[in-house]
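Working through the structure, step by step
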Amino acid sequence: MAPLTRSRARQPGNVPTPLNACYYSQRASAGLIISEATQVSQQGQGYAWTPGIHTREQIDGWQRVTDAVHKAGGLMFIQLWHVGRISHPRLQPDHMPPVAPSPVKPEGQAFIENERGEGQLVPFVTPRALQLEEMPYIVEQYVRGARNAQEAGFDGVEIHSANGYLLDQFIESSTNHRTDRYGGSVDNRSRLLMEVVEGVAGVWGSDRVGVRLSPMGRANDISDEDPAATFGYVAERLSDRKLAYLHLVNPLLATMQDGTEPDSRPIDLLKRIREKYRGALMLAGGFDQDTAEGWIEQGRADLIAFGRKFIANPDLPDRFRQRQPLNSDDPTTYYGGGERGYTDYPTLAHERGEQPKPCVDVRWR
Ligand SMILES: Cc1cc2nc3c(=O)[nH]c(=O)nc-3n(C[C@H](O)[C@H](O)[C@H](O)COP(=O)(O)O)c2cc1C
């Protein structure tokens with residue numbers, strides 16, 4: 001199950017709830033659940049109502065989630081997240097500007113909570129460039145998150161270095177204009193990721209740590225002048241680290257989805273990463289059962305993660321095994337709200353008329 005932000009943490013405090021435990025435990029038949037992106041600090045938060053892993057309450061909330069998943073026979077990694085510039089002063093400590101490698105304002109809007117407690121889109125602001133002296137504290141935020149995740153009973157962690165968030169902002173040239181040892185060469189631009197990997201692996205052991213990258217992804221107004229060189233290098237460096245896996249957001253997602261012919265660049269880039277990275281490679285984005293099986297048989301990936309299909313099908317592995325039709329997902333209930341569009345998608349058993357077990361303990365509400 002791919003990481004999926006659902007923006008349903010309890011307020012105030014961005015605390016995981018019994019409803020979140022219900023949602024994840026319903027999906028415990030996944031080979032591995034990767035949690036929704038989870039901020040490692042308040043500075044790392046970029047959207048209203050996303051959960052964190054930096055307070056006592058959040059650790060306790062996640063403990064209930066991992067307990068429920070383990071009781072249902074599942075395994076779960078937490079996705080550790082710092083959004084960097086993809087935030088807004090309203091979400092930041094003391095309403096300070098968000099931090100980034102360089103003061104480059106993203107195009108687009110941040111999702112915040114307004115005075116009436118409703119979600120609202122507001123324009124991004126120019127972030128503050130991190131000082132060299134602050135860098136160890138950024139690494140420390142991830143290391144603390146990793147320790148807290150261990151206390152909360154997770155089975156491992158995935159470092160979110162994709163989709164235009166902080167670590168990706170350092171890696172890609174459009175957002176990193178630094179001239180110190182965190183900018184310029186790709187070696188320098190990937191330094192922060194490597195330091196975070198090292199720190200987090202020090203807590204968990206590298207075989208319990210995954211890394212997610214999104215080569216050629218354009219989410220959150222990011223781009224790189226030479227993605228083949230940049231991501232080829234990062235993959236090669238990560239290959240030495242003996243991680244649990246390297247997870248890529250599929251650069252062919254859009255073409256696979258529309259059924260159009262991709263150009264050769266993303267295909268070549270995937271081949272290059274497959275050559276450079278010698279460990280387990282996970283891909284996510286635009287797959288169905290047949291394309292997933294095809295890619296694994298052809299040796300293009302070792303693991304395929306499913307996102308939207310898991311939102312709508314809590315028993316996705318069973319449906320694949322039995323070649324049963326899938327429920328379709330409702331994008332209007334992706335973010336925020338309660339049980340609707342979250343824990344009420346039916347399983348096959350449910351469709352046969354069996355009563356689903358209630359999984360929210362009413363005493364916790
Ligand atoms: C509602 C929603 C929330 C998402 N949240 C995250 C997230 O928290 N972290 C992340 O790395 N990717 C996130 N993604 C991307 C997914 O992990 C996945 O890469 C994407 O949905 C493509 O896979 P699919 O075609 O199987 O859905 C999200 C996608 C969706 C639709």
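Quick note: structure is the one above.
All of these numbers come straight from a predicted model, not from anything done at the bench. Numbers given for residues are sequential positions, taken from 1 along each chain in its written order. Local features in a predicted model are, by the rule used here, given only for residues with pLDDT of at least 70; side-chain atom pairs are given and counted only at 80 or more, and totals for whole chains, interfaces and linings are based on all residues. The basis for every side-chain value is the complete set of heavy atoms in the structure, and neither hydrogens nor water enter the calculation.

1. What about the pattern of salt bridges?
For salt bridges, the criterion is a side-chain nitrogen of Lys or Arg within 4 Å of an Asp or Glu carboxyl oxygen. Scanning all chains against the criterion turns up 20 salt bridges. With a closest N to O distance of 2.7 Å, Asp180 and Arg178 form a salt bridge. Residue classification places Asp180 among the partly exposed positions, given a relative accessible area of 22%. Overall, the relative accessible area of 10% leaves Arg178 in the buried class. Exposure categories follow from relative accessible area, calculated using a 1.4 Å probe and restricted to protein chains: below 20% of the type maximum is buried, above 50% is exposed, and the middle band is partly exposed.

2. Thoughts on the sheet that holds strand 2 (residues 76–81)
By the convention used here, strands pair only if DSSP detects at least 2 bridges between them. Segments assigned H or I by DSSP are reported as helices when at least four residues long, segments assigned E as strands when at least two residues long, and all are numbered from the N terminus. The strand order across the open sheet formed by seven strands is 1-2-7-8-9-10-11, and the pairing between neighbours is parallel. The open sheet has two edge strands, strand 1 (33–39) and strand 11 (303–305), and neither has a second partner. The sheet shows a mean angle of 25° between the axes of neighbouring strands, taken without regard to direction. With five bridges connecting them, strand 1 and strand 2 associate as parallel partners. By the bridge assignment for strand 2, Gln39 is matched with Trp81. What makes two residues a contact is simply this: any of their non-hydrogen atoms within 4.5 Å. Helix axes use the C-alpha atoms of the stretch in contact, all axes being lines fitted to C-alpha atoms, and the angles between their N-to-C directions lie in the range 0 to 180 degrees. Its contacts with the sheet place helix 6 (residues 191–204) against strand 2, strand 7 (156–160) and strand 8 (209–213), and it is angled at close to 170° to strand 7.

3. Section: the site of the ligand
Neighbouring the ligand are 17 residues; Pro3, Thr5, Arg212, Gly286 and Arg308 lie closest to it. In protein, a polar contact requires one atom able to donate a hydrogen and another able to accept it; more generally it is a pair of N or O atoms within 3.5 Å, and residues adjacent in sequence count only if both atoms are side-chain atoms. A distance of 2.6 Å separates an oxygen atom of the ligand from a polar atom in the side chain of Thr5. With respect to the ligand, the side chain of His160 contributes an N or O atom lying 3.2 Å from an oxygen atom. Here the open area of atoms and residues is found with the Shrake-Rupley method and a 1.4 Å probe, where only the protein chains shown may cover a residue. Protein coverage of the free-state accessible area of the ligand, which is 600 Å², stands at 89%. Here a residue is near a molecule or strand as soon as one of its heavy atoms is found within 4 Å of it.

4. Section: the nonpolar core
Counting 75 residues, the largest nonpolar core has Leu192, Leu193, Val200, Leu213, Leu238 and Leu246 as the members making the most contacts within it. In terms of residue count, helix 6 provides more of this core than any other element does, eight residues in total. Look past the residues within four positions of Leu192 in its chain and what remains in contact with it is Met135, Ile138, Val139, Leu166, Leu167, Phe170 and Tyr182. For this analysis, a nonpolar core means a set of buried residues of the types Ala, Val, Leu, Ile, Met, Phe, Trp, Tyr and Cys, connected via side-chain atoms within 4.5 Å.

5. Section: the packing of aromatic side chains
Paired rings are identified among Phe, Tyr and Trp, the last through its six-membered ring, by centres lying within 6.5 Å, and are further divided according to the angle between planes into stacked (under 30 degrees), edge-to-face (over 60) and tilted (the rest). Summed over the entire model, instances satisfying the criterion amount to 13 aromatic pairs. Look at Tyr24 and Trp62: their rings are 6.3 Å apart centre to centre, the planes differ by 50°, and that puts the pair in the tilted class. On the criterion of sequence distance, the pair formed by Tyr24 in helix 1 (residues 18–26) and Trp62 in helix 2 (residues 56–71) is long-range, its members being 38 residues apart. Across the pair, Trp62 and Tyr24 agree in class, each one buried. Between Phe77 and Tyr245, the aromatic rings sit 5.9 Å apart at their centres with planes inclined by 25°, giving stacked as the arrangement. Here Phe77 is found in strand 2, whereas its partner Tyr245 is found in strand 9 (residues 245–249), with 168 residues between them in sequence. Accessibility assignment for this pair places Phe77 and Tyr245 in one class, buried.

6. Some details on the side chain of His88
Its place among the elements puts His88 in the loop between strand 2 and strand 3 (99–100). Discounting residues that sit within four places of it in the chain, His88 has contacts with Pro98, Ala110, Ile112, Val122, Pro123 and Val125.

7. Brief notes about unusual backbone geometry
Following Gln11, the chain continues to Pro12 via a peptide bond in cis, the omega torsion being -10°. Within the chain, Ser7 stands out as a residue other than glycine whose phi angle is a positive 55°. Of note, Ser7 is situated in the segment before helix 1. Taking the relative accessible area as the measure of exposure, Ser7 reaches 5% and is therefore buried. A positive phi angle, near 70°, is found at Trp49, a position not held by glycine. Among the structural elements, Trp49 can be located in the loop between strand 1 and helix 2.

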